[in-house]
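Listed below are the residues making up each chain.
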Amino acid sequence: MRAPRVAPNFITDIIERDLAAGKYPQVVTRFPPEPNGYLHLGHTFASFLDFQTAVQYGGRYHLRMDDTNPEGESMEYAEAIQDDLRWLGWDWGEHLYYASDNFERYYEYAQQLIRQGDAYVDSVSAEEMARLRGDATTPGTPSPYRSRSVEENLDLFARMRAGEFADGAHVLRGKIDLASPNMKLRDPVFYRILRGHHYRTGDAWCIYPMYDFQHPLQDALEGVTHSMCSLEFVDNRAIYDWLMERLGFDPRPHQYEFGRRGLEYTVTSKRKLRRLVEGGYVSGWDDPRMPTLRAQRRLGVTPEAVRAFAAQIGVSRTNRTVDIAVYENAVRDDLNHRAPRVMAVLDPLLVVLTNLPEGEGETRVLSLPYWPHDVIRDSPDGLVALPSGERVPPERAVREVPFSRELYIEREDFSPDPPKGYKRLTRGGTVRLRGAGIIRADEVETDEAGNVTTIYATLLGEDAKAAGVIHWVSAPHALPAEFRLYDRLFRVPHPEGDHPDDLAPDFDPERLSHENEAAPLDAGFLRFLNPQSLRVTRGYVEPSVAGDPQDTRYQFERQGYFWRDPVDSREDALVFGRIITLKDTWAKEAGKDAPKAGAKAPQPAPKAEAPQTTGHKPQPAPLTPEQEAEVARLTGLGASPADARTVARDPALLAFLAGARPGPTFGQVASWTVNDLAGPLRAGAVRVGVADLAPLAERLASGELTTRVARDVLARAAASGEAPLAIIEREGLGAGLDEGALAAAVAEVLAAHPDKVEAYRGGKTALLGFFTGQVMRATGGKADPAKVAAALREGLGG
RNA sequence: AGGGAUAUGGUGUAACGGCAGCACAACAGAUUUUGGAUCUGUUUGUCUAGGUUCGAAUCCUAGUAUCCCUGCCA
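Reading the values: rules and limits
Residues numbered from 1 in each chain as written. Chains lettered and ligands numbered in written order. Predicted model: local features only at pLDDT ≥ 70, side-chain atom pairs only at ≥ 80, totals over all residues. Heavy atoms only, no water. Helix = DSSP H or I, 4+ residues; strand = E, 2+ residues; numbered from the N terminus. Rg over C-alpha atoms; globule rule 2.2 N^0.38 Å. Areas by Shrake-Rupley, 256 points an atom, 1.4 Å probe, with all protein chains shown as cover. Lys, Arg positive; Asp, Glu negative; His and termini not counted. Charge placed at Lys NZ, Arg CZ, Asp CG, Glu CD. Pairing = 2+ DSSP bridges. Contact = heavy atoms within 4.5 Å. Axes fitted to C-alpha atoms, helices over the stretch in contact; angles between N-to-C directions. Salt bridge = Lys/Arg side-chain N within 4 Å of Asp/Glu carboxyl O. Buried < 20%, exposed > 50% of the residue type's maximum accessible area, 1.4 Å probe, protein only. Domains from an automatic or database assignment. Left-handed = near helix turned anticlockwise from the far one by under 90°. Nonpolar A, V, L, I, M, F, W, Y, C, P; charged D, E, K, R; others polar. Phe/Tyr/Trp six-rings, centres within 6.5 Å; stacked < 30°, edge-to-face > 60°. Lys NZ or Arg CZ within 6 Å of the ring centre and 35° of its normal. Near = heavy atom within 4 Å. Polar contact = N/O pair within 3.5 Å; in protein donor to acceptor, adjacent residues only side chain to side chain. Parallel < 35°, antiparallel > 145°, perpendicular 65-115°, else oblique. Expected span 1.5 Å × (residues − 1).

Along the backbone of chain A there are 26 helices and 31 strands. The C-alpha radius of gyration of chain A comes to 36 Å, more than 25% above the 28 Å expected for a compact globule of 798 residues. Taken along its principal axes, the extent of the C-alpha atoms in chain A is 110 × 90 × 55 Å. A total accessible area of about 38000 Å² is found for chain A, and carbon and sulfur atoms account for 51% of it. Averaging the coordinates of the 95 positive side-chain charges in chain A and doing the same for the 115 negative ones gives two points 3 Å apart.

In structure tokens, the structure reads:
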């Protein structure tokens with residue numbers, strides 16, 4: 001099986017650039033969970049991205065326990081995380097790191113910052129610090145301790161470590177910028193005093209480093225090159241970069257942020273998951289309905305399926321919630337080729353074949369294939385697996401299935417009052433028993449409540465006809481078993497959203513965020529628990545499974561994928577858990593009028609299109625009187641009103657345009673300034689002077705130049721500082737394109753793309769843009785677009 | 001509110017300024033001794049309004065919506 005790959009994304013783009021530029025000899029990434037909980041499907045995405053990216057670029061990946069906060073962290077979690085990741089198939093070799101192993105080194109770096117005057121010991125209370133930090137609109141004010149001397153800071157910091165102070169009495173803060181609009185930069189805390197017992201370092205430390213200080217250092221110490229994290233850390237990147245610069249790491253890691261991925265019909269917040277466990281809503285962290293990896297593992301999902309899922313959800317810079325169908329598809333797709341088919345009846349109904357002889361000796365033994373024709377057909381080596389794993393020719397991939405006078409069929413597979421389109425057994429009707437022949441239901445026995453208890457049927461000859469096929473097991477031979485039928489834990493796709501009426505979830509995935517442990521837990525999600533998420537039935541499974549390996553995953557035909565519950569199933573008391581149902585188009589069809597529990601909620605009615613019609617027209621941004629005056633001056637000079645407004649509001653553009661020559665070229669120069677140079681201008685990346693633009697505008701106006709050439713040259717001039725006209729002279733771009741050259745270019749393009757030409761003639765006229773682009777490129781932009789269009793139309797017309 | 005980030009079908013994700021593609025879902029048909037799988041086909045999309053350009057999902061301007069930041073959590 002081909003290993004799933006991370007799809008190209010903005011981070012792989014960066015990596016490819018870095019590698020091409022020789023910035024790093026090799027890619028090094030890391031996955032840095034905090035050992036204070038179990039991994040869940042959301043982490044799968046992050047770990048897959050971290051690890052698989054490194055694999056694909058021939059680099060290495062690290063697993064790191066981000067264990068800098070003694071509260072809540074434990075060895076049990078650290079080991080569970082490793083176990084889950086190994087189960088997923090990752091192997092980090094010797095590259096397992098614990099942040100706590102480097103406490104001493106962090107401490108030394110902190111001292112260095114103090115010596116450099118970049119950090120200080122603050123001694124105000126937490127509340128006071130919050131107050132002094134200011135808020136979004138008011139800059140922070142310095143703490144009275146901000147100006148302590150290096151010596152005093154060093155001394156205090158050492159005594160903090162020595163345990164001379166009470167928890168919270170002092171902190172070490174970076175001295176960055178109290179007035180920064182980025183709140184993260186307002187002197188972030190680097191160290192706090194905390195007498196917590198750390199699961200690895202015990203009581204060796206009573207000061208602990210904060211994430212913002214520790215994480216960048218740890219990345220650098222490990223030699224990480226590309227440090228990926230989720231979106232809520234964008235603001236923290238400023239600290240990351242500041243530390244790298246102050247501490248002089250070179251080469252240094254860089255942080256890149258990606259959007260988180262949630263999954264429909266579940267929650268991935270650690271606290272909410274804990275609530276489910278502690279509230280007894282599930283049986284534990286490994287309850288198969290939980291999204292934790294442990295639970296999915298117990299459910300019977302394979303690591304390959306989980307990885308395939310991770311690969312299928314794309315990477316972007318937006319938090320998103322993924323359609324549950326994507327996960328289910330990955331699980332089914334994996335199991336379809338992995339799970340041998342056998343039969344089990346979950347909700348049994350007795351059928352007596354009255355024309356078969358009674359007695360023990362009258363059992364027939366059928367040899368039925370484990371695999372359907374299509375799996376056999378698609379097998380790459382022509383072999384298929386036995387439950388033992390041995391691969392054998394299809395004719396040997398069979399099991400013995402007893403067939404006798406008394407059978408069980410699925411209660412659902414008989415209907416005394418069949419709905420339209422029903423293809424199973426009915427009163428007097430026929431149905432095929434998988435692999436055993438066609439039967440007709442002759443008589444139906446019911447109890448006093450009217451429930452069907454027994455069906456008396458006749459086994460017909462092979463010339464009989466039946467519309468449907470059902471599964472069955474031989475009653476005297478079948479193995480009794482408990483079946484656990486799992487369904488989604490929540491009834492609604494977005495249990496974390498607030499929806500007054502459950503049907504139109506008003507949920508925005510952007511709300512997915514890192515947890516705020518300080519805020520109270522919103523337990524509203526519990527309202528949406530699916531009361532039918534676990535249904536337990538007792539039924540029978542065919543006897544062939546008795547000899548199979550315990551971890552065999554089966555497809556119980558027409559029911560779904562099952563395996564033995566690894567915790568509760570015993571040899572003499574089988575418990576099969578349903579990994580996932582088969583897709584069921586009949587249920588969908590039959591349920592159209594009466595939606596069944598567990599069926600996906602109907603699509604919410606399309607949100608009323610925001611009726612922009614009555615709405616506000618976007619008002620032009622208000623200008624100050626000075627700006628209004630500027631607009632008037634600029635339009636007087638020949639700039640368009642829109643350009644004038646843009647320039648008047650932007651100091652960078654205004655300054656650039658200040659030196660522009662009045663006259664006929666002014667309008668064009670202003671337009672270029674706004675449309676072509678605004679970005680680079682603000683970034684300070686424009687090296688050409690405004691005076692050089694007027695001559696270019698003149699050339700353009702005279703018709704010697706195409707717009708395309710002018711703008712290309714302008715962009716290059718802006719970047720290099722060379723005068724545009726100089727570039728034109730040097731490269732001969734001023735020379736026009738003669739008719740012959742144009743015709744040749746057109747002919748060449750058409751000849752090079754016969755398929756596209758045909759498609760165009762076949763009606764795909766949108767291709768005109770493609771051809772135009774090709775000709776423009778071939779001619780270096782020198783072709784007159786109008787002439788190109790004409791030539792193209794002529795060439796394509798015939 | 002100050003700063004930051006984001007916006008492409010139902011969902012997720014692509015597209016050097018030039019064919020809006022892929023996956024899942026949905027729908028239709030073929031096939032089928034699983035109402036599974038497979039195969040074929042179809043529907044649905046560039047947040048809004050202006051501008052630049054022969055040509056804009058992409059560049060410029062304004063607006064809208066949502067999320068993040070103001071823990072001694074990570």
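Take the sheet that holds strand β13 (residues 344–345) next. Paired through their backbone hydrogen bonds, the strands of a sheet run either parallel or antiparallel. Read from one edge to the other, the open sheet built from 7 strands follows the order β12-β29-β30-β31-β27-β28-β13, with strand pairing classed as mixed. Either end of the sheet is taken by a strand with one partner, and the two such strands are β12 (341–342) and β13. In this sheet, strand β31 (residues 574–581) lies alongside strand β27 (residues 479–486) in parallel orientation, the contact comprising 4 bridges. Considered in β31, the bridge of E482 is made with V575. The sheet strands contacting helix α12 (residues 324–336) are β12, β30 (560–564) and β31, and the helix crosses β31 at an angle near 120°.

Turning our eyes to something else, we now look at the pattern of salt bridges. Applying the stated criterion across every chain, the model contains 57 salt bridges. With its nearest N and O atoms 3.1 Å apart, the salt bridge here joins R424 to D413. Placement of R424 in the loop between β20 (414–415) and β21 (425–426) and of D413 in the loop between β19 (406–410) and β20 is noted, with a sequence separation of 11 residues between them. Taken as a pair, R424 and D413 share a single burial class, namely buried. We note a salt bridge from E729 to R699, for which the minimum N-O separation is 3.4 Å. On the criterion of sequence distance, the pair formed by E729 in helix α22 (residues 724–731) and R699 in helix α20 (residues 693–701) is long-range, its members being 30 residues apart. Taking relative accessible area as the criterion, E729 reaches 52% and is therefore assigned exposed. R699 gets classed as buried once you look at its relative accessible area, which sits at 18%. Linked by salt bridges that have partners in common, D286, R298, E482, R484, R538, D565 and D568 make up one network.

Next up on the list: the domain arrangement of chain A. Looking at chain A, the domain boundaries give domain 1 (10–258), domain 2 (351–367 + 397–475), domain 3 (625–731) and domain 4 (739–797). Look at where the C-alpha atoms of domain 2 and domain 4 centre, and you get two points 69 Å apart.

It is worth spelling out the side chain of S379 at this point. Relative to the helices and strands, S379 is located in the loop between α13 (373–378) and β16 (384–385). A relative accessible area of 13% means that S379 is categorised as buried. Sequence-distant contacts of S379, that is, excluding residues within four places in its chain, are made with V384 and R391.

Two elements in contact, helix α24 (residues 754–761) and helix α25 (residues 767–778), have axes whose closest approach is 10 Å; the angle formed by their N-to-C orientations is 145°. Judged by the sense of rotation from one axis to the other, the crossing of α24 with α25 is left-handed. Every residue of α25 that contacts α24 at K756, V757, A759 and Y760 is listed here: L767, L768, F770 and F771. Split by residue class, the contact of α24 with α25 holds 7 nonpolar, no polar and 1 charged.

The geometry of an aromatic ring pair is captured by two quantities: the separation of the ring centres and the angle between the planes. Inspection of the entire model under this criterion finds 33 aromatic pairs. Plain terms: the ring middles of Y38 and Y77 are 5.2 Å apart, the flat faces sit at 75° to each other, and that makes the pair edge-to-face. Residue Y38 is located in the loop between β1 (28–31) and α2 (41–56), and its partner Y77 is located in helix α3 (residues 75–87); the two are separated by 39 residues in the primary sequence. Of the two residues examined, Y38 and Y77, each falls in the buried class. Three or more aromatic residues joined by ring pairs make a cluster, and in this case those are F103, Y106, Y107, F157, F190, Y191, W205, Y208, F213 and W242. Against the face of W90 rests R307, its NZ or CZ located 4.3 Å from the ring centre.

Let's shift gears to the pairing of β27. When you tally the buried positions in β27, you get 6 out of 8 residues, the bulk of the element. Two elements, β27 and strand β28 (residues 534–541), share 8 bridges in a ladder whose sense is antiparallel. Along β28, the bridge assignment pairs Y486 with L534.

The strand order β25-β22-β23-β24-β14-β19-β26 describes an open sheet built from 7 strands, whose pairing is mixed. Looking at strand neighbours, the two that pair on one side only are β25 (469–470) and β26 (472–474), the edges of this open sheet. Pairing geometry for strand β14 (residues 348–353) and strand β24 (residues 452–459), over 4 bridges, is parallel. Residue pairing for β24: L353 is matched across the bridge by A457.

So, on to the protein's contact with RNA strand B. Around RNA strand B lies a shell of 95 residues, among which R192, Q555, R682, K756 and R777 are the nearest. Taken together, the sugar and phosphate atoms account for 61% of what RNA strand B places within 4 Å of the protein. In the model, a sugar or linking oxygen of RNA strand B is placed 3.5 Å from a nitrogen or oxygen of the A136 main chain. The greatest single-element share of the surface near RNA strand B, amounting to 7 residues, is contributed by α25. Of the residues contributing to the surface near RNA strand B, the split by class is 29 nonpolar, 30 polar and 36 charged.

What follows deals with the packing of helix α4 (residues 103–115) against helix α6 (residues 150–162). Angle between the axes and distance between the axes are the two parameters that describe a pair of packed helices. Running from N to C, α4 and α6 point in directions that differ by 160°, and their axes come no closer than 9 Å. Judged by the inter-axis angle, α4 sits roughly antiparallel to α6. For α4 against α6, the interelement crossing comes out right-handed. Across the interface between the two elements, E104, Y107, A110, Q111, I114 and R115 of α4 pack against V150, N153, L154, F157, A158 and R161 of α6. Considered class by class, the residues forming the contact of α4 with α6 number 7 nonpolar, 2 polar and 3 charged.

Before going further, it helps to spend a moment on α25. Under the 1.5 Å per step criterion, the end-to-end length of α25 is 17 Å for 12 residues, consistent within 8% with the ideal 16 Å. Residues L767, L768, F771, V775 and M776 constitute the buried set of α25. Where α25 is buried, its residues contact α21 (707–720), α23 (739–752), α24 and α26 (785–797). Just past α25, the residue G780 takes up positive phi, approximately 65°.

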